Amino acid sequence: MNTPAPRLPGRPGQVAVTLWALLLAACLLIVTRTTFTTDLSAFLPRNPNNEQRILVDQLKNGVLSRTLLVSVSGGSPEQRAQASIALARSLRPDTEFESVVNGALDPEQRDRDGALLFRYRYLLSPDVTPDRFTVEGLRSALDDTLDLLASPAGLSLKPLVDHDPTGETMHVADELDPGGHPPVQYGAWSSKDGQHAMLLITTSASGSDTDAQERAIDTIRARFDALHTPLAIEITGSPKFAVDSRATIKSEVTRLSIVSAVLIITILLFAYRSAAVLGLSLLPVLSGALAGIAAVSLTFGSVHGITLGFGTTLIGEAVDYSIYLFIQSSDRSRRPMLPAPGDRNALRAARDARLRRWVARAWPTVRLGMLTSICGFSALTFSSFPGLAQLGVYSIAGLVVAAAVTRWVLPVLTPLTLSVRDLSGIGARLSRFAEGARRYRLVAAGLIVVWVVVAVIVHPHAWINDELNALSPVPPAAIARDQALRAQIGAPDARYMVVIGAPTFDATLQGAELAAPVLDRLVATHAIGGYESPARYLPSEATQRRRQESLPAAADLRARLAQAVQGTPFDAKALEPFIADVDSARSQPVLTAGWLRGTSLALGINAMIDCSPGRCHAMLPLRAPKAGADIDANAVRAALASVNDGPGRVTFVDLKSASDAMYDRYMREALRLALAGLIVIVALLALTLRSLSGLARVLGPLAGAVVAVVAGLGIAGVSLTLLHVIGLLLIVAVGSNYALFFARNTDHDLPEAVTFASLAVANLTTVAGFGVLALSSVPLLKAFGETVGPGAILALWLAALLSPRSRRPADIVQDSLEPAQKAPLS
């Protein structure tokens, strides 16, 4: 006597839905209060070395991250210079810009600079020493001044002779002009080839504030357009790269997301024939995404934008869970007689029986697949890089919640009349094809071996890309153009710098002064081409006081000067203003950064010194000995070793080497963690399957897919980046579900046709979601597409090839439903 299938227990189902709703509400509350950042420190090691910290600071807030190089081209040199001067004049009053430099100063600026230099010439001049004001020193200085008066530059010096017969003003000007600046045409900077007028513009906003950088770039273009000139403008530099990269990524993500979403929805609608079921199938993914964000927020205090984007991709396998549930539970071979449409109790009983059967037969496999994915991603949580650790936490929380929603919530929300297309015919054809292909397992294995051998022959070099620029979304042509324009103005190489860290602003100046003689010797030996130093613009207080102490009293200076002028055209009485100025300088307050405000000297100081509470850093950019040449880092480090005896810590930084070293460490740690995760996965499967043949059937397809994808990338000339490694993890995460379903199917009553149909739909959605990313021009998107897309396909078919022959559907249609009916659904 047949007994009716029991009804779905109402209270447990209601409890599950209630808990799910409360979880979503809590996650939404956390997400609304979450801070989303793009702070690069999330991808800085927890214990970074000095160079790595400097690198990230420069990328976030350094002057290089805020400096735009503007080129004006077309027309005549005079027209370009006039446009440059007019553009600079319109931008300087704008608070968006910290400095606008083009070699031209407005009259007021020139007057302020001249007045300050003249007033503080004895504190700023490096020639002010006790010997300078002896009789011999004065006579030598007067002779030099006479030579200058006889030169073309003498016209500008002549009005100052009575106050400055030793020429300190000229010496200060020479010190502030170390050479290497662009040529000047018609009062403004010109490129070395004479085809461009050049401007260097530094924004006020932080380099990490991309919105502010975009507004600044728009302002520059708008002000140039307002000039109504036929000339053309070109803007480059780190801020421009950041703005363009964000726009490119946003455009690519939007376009490719629309394409993949349309493909996935089309596939699911084809499989389900129900918009309601389609909506239900997305609930695990949305729930997992919210839970992932909330978990990261609670663990780390903020969520990095890269974590959000990558993490959502990593839990993309969550949609597979609902596909397995809806397609496998709707197997029509197991319900040959459907209840009447109006009999809700019978419909409910039939639905509950189908879902109980799925829970009893398929859920353990889905659960084991989820656990293998969690084992893989759990290794990332131990990373010393917070960014990788965030990815691990996000993925684990998302997968757990997505699987739980599929197991306990979707069965309650599933419609009584589950209308899903009968895919058993398609599954049967795929099954027959796989059955025939199983005879060629050894051929498939041999093809993979040959594929690897070809990859090694074609790509014998390193298979791991250890350069950070491999992930850069900036086109190589844009980087090359930026470098070409920088070479045209002789700008210091953004790659090399000497960094001096000290507790106070003045201590950094002292450190820069101690480093100067060493750097001067390196220039003399052509180890470096030159350098910039903030101490040229503002000497330390100790240096200024030493120079004050070098100045003689008025009576002594008058007596020495009387002897020094003998035999020269100078009249000692006419030089009384000089004596008065020297006497005044002996007691004047030392020059500080505050006094420089509003002058061009302040621009140099602000560009090279950055202070935060309790710490200041001075950045001294270095120029290579010649264009295209590298600086010998070891020689510079060895020369600077003695300077660390001073008040500040002196470090030579090669930003490219520092970024590559940091990324290399990042990459190698990711590989180690991935290997650790693989070991845990193998241990979990071994304990669960308790069969070497079963373990081989699960791990074989995953290993084959990963090896084949890596070899394929090698043949294509693509070296592995960090994102490829994460993509390989995702192949294991997704592919483990395929392999487990095939490997465990002999122990369960799922017909192979139904298994194949559900896995084929899940595989198609994965390929649709990731495969389109391979068409992207953005490296971080392309890496996922070219890894996960082909890897998912290979994992499915290799799992089918290695699986044992399953029982035929006809053999199990009449199986008793009793075991499934006893299994609790909620």
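Residues numbered from 1 in each chain as written. Predicted model: local features only at pLDDT ≥ 70, side-chain atom pairs only at ≥ 80, totals over all residues. Heavy atoms only, no water.

1. Description of the sheet that holds strand β3 (residues 97–101)
Then step 1. Taken together, four strands build an open sheet; the order of strands is β3-β6-β2-β7 and the sheet is antiparallel. Among the strands making up the open sheet, the edge pair consists of β3 and β7 (232–236). Neighbour-to-neighbour, the strand axes of this sheet turn through a mean angle of 20 degrees, independent of strand direction.
Then step 2. Relative to strand β6 (residues 196–203), strand β2 (residues 67–73) runs antiparallel, the two being bridged by seven bridges. Each residue of the ladder has a partner; that of Ser73, found in β6, is His196.
Then step 3. Sheet strands touched by helix α9 (residues 210–225): β2, β3, β6 and β7. Its angle to β7, the strand with the most contacts, is close to 165 degrees. (Pairing = 2+ DSSP bridges. Helix = DSSP H or I, 4+ residues; strand = E, 2+ residues; numbered from the N terminus. Axes fitted to C-alpha atoms, helices over the stretch in contact; angles between N-to-C directions. Contact = heavy atoms within 4.5 Å.)

2. Description of the environment of Gln390
Then step 1. Of note, Gln390 is situated in helix α17 (residues 386–413).
Then step 2. Residue class for Gln390 comes out buried when judged on its relative accessible area of 4%.
Then step 3. The spacing of Gln390 and Leu380 is 10 residues in sequence and 8.1 Å in space, taken between C-alpha atoms. (Buried < 20%, exposed > 50% of the residue type's maximum accessible area, 1.4 Å probe, protein only.)

3. Side note on the confidence of the model for the protein chain
Interpretation of the predicted coordinates at a detailed level should be avoided for regions scoring low in pLDDT.
Then step 1. On average, residues of the protein chain score 83 in pLDDT, and 87% of them are at 70 or above.
Then step 2. Here residues 1–9 scores under 50 on pLDDT; set against residues more than four positions off or in separate chains, the count is 18 contacts.
Then step 3. Between residues 807–826, whose pLDDT stays under 50, and residues either more than four places distant or in other chains, the model counts 37 contacts. (pLDDT = per-residue confidence, 0-100.)

4. Regarding the side chain of Arg547
Then step 1. Structurally, Arg547 can be placed in helix α23 (residues 541–550).
Then step 2. Within the buried set, Arg547 has no salt-bridge partner at all; the shortest N-O distance to an opposite charge, 5.9 Å, is to Glu513.
Then step 3. For Arg547, the residues in contact, after removing those within four places along its chain, are Tyr122, Leu123, Leu124, Ser125, Pro126, Val128 and Pro539. (Lys, Arg positive; Asp, Glu negative; His and termini not counted. Salt bridge = Lys/Arg side-chain N within 4 Å of Asp/Glu carboxyl O.)

5. Remarks on unusual backbone geometry
Then step 1. Here His228, not a glycine, exhibits a phi torsion of approximately 55 degrees, which is positive.
Then step 2. Relative to the helices and strands, His228 resides in the loop between α9 and β7.
Then step 3. Within the chain, Arg690 stands out as a residue other than glycine whose phi angle is a positive 50 degrees.
Then step 4. Note on placement: Arg690 falls in the loop between α29 (655–689) and α30 (692–715).
Then step 5. Residue classification places Arg690 among the exposed residues on the basis of a relative accessible area of 71%.

6. Quick notes on the state of the cysteines
Then step 1. Applying the stated criterion to the full structure yields one disulfide.
Then step 2. The disulfide that involves Cys611 links it to Cys616, with 1.8 Å between the sulfurs. Judged by the sign of its S-S torsion, about 115 degrees, the cystine formed by Cys611 and Cys616 is right-handed.
Then step 3. On the basis of relative accessible area, Cys611 is assigned to the partly exposed category, the value being 40%.
Then step 4. A residue is classified by how much of its surface remains accessible, and Cys616, at 5% relative accessible area, is buried. (Disulfide = S-S within 2.5 Å.)

7. Considering the pairing of strand β9 (residues 496–502)
A regular strand places its side chains on the two faces of the sheet in alternate fashion.
Then step 1. Counting buried residues along β9, seven of its seven residues qualify, which places the element largely inside the surrounding structure.
Then step 2. Taking every second residue as pointing to the same face, both faces of β9 are buried, with Tyr496, Val498, Ile500 and Ala502 on one and Met497, Val499 and Gly501 on the other.
Then step 3. Two strands pair when backbone bridges link them, and β9 and strand β13 (residues 649–654) are joined in this way by six bridges, in the antiparallel orientation. Following the sheet pairing, Val498 is matched in β13 by Phe652.

8. A word on helix α27 (residues 600–608)
Then step 1. Among all positions of α27, only Leu601, Ala602, Gly604, Ile605 and Met608 are buried. Taken around the axis of α27, the buried residues stretch over an arc of 160 degrees, which confines them to a single face.
Then step 2. Lining the buried residues of α27 we find α4 (107–119), α21 (505–524), α22 (534–537), α26 (593–596), β11 (609–612) and β12 (615–623). (Arc of directions from axis to C-beta.)

9. Focus on the pattern of salt bridges
Then step 1. If you walk through the whole model with that rule in mind, you get 16 salt bridges.
Then step 2. For the salt bridge of Arg246 with Asp211, the shortest nitrogen-to-oxygen distance reads 2.6 Å. You can see Arg246 sitting in helix α10 (residues 238–272) and its partner Asp211 sitting in helix α9, a full 35 residues away along the chain.
Then step 3. For Arg246, a relative accessible area of 34% translates into the label partly exposed.
Then step 4. For the salt bridge of Asp583 with Arg586, the shortest nitrogen-to-oxygen distance reads 3.8 Å.
Then step 5. Given a relative accessible area of 34%, Asp583 falls into the partly exposed group.
Then step 6. With a relative accessible area of 37%, Arg586 lands in the partly exposed category.

10. Describing the nonpolar core
Then step 1. Counting 125 residues, the largest nonpolar core has Tyr272 and Leu685 as the members making the most contacts within it.
Then step 2. If you tally residues by element for this core, the top one is helix α31 (residues 722–743), at 17 residues.
Then step 3. One finds Leu123, Ala516, Ile605 and Ile609 within the second-largest nonpolar core, a separate group that totals 41 residues. (Core = buried A, V, L, I, M, F, W, Y, C linked by side-chain atoms within 4.5 Å.)

11. Structural notes on the environment of Ala16
Then step 1. Turning to its location among the elements, Ala16 is positioned in helix α1 (residues 10–32).
Then step 2. Taking relative accessible area as the criterion, Ala16 reaches 13% and is therefore assigned buried.
Then step 3. Discounting residues that sit within four places of it in the chain, Ala16 has contacts with Trp408 and Val409.

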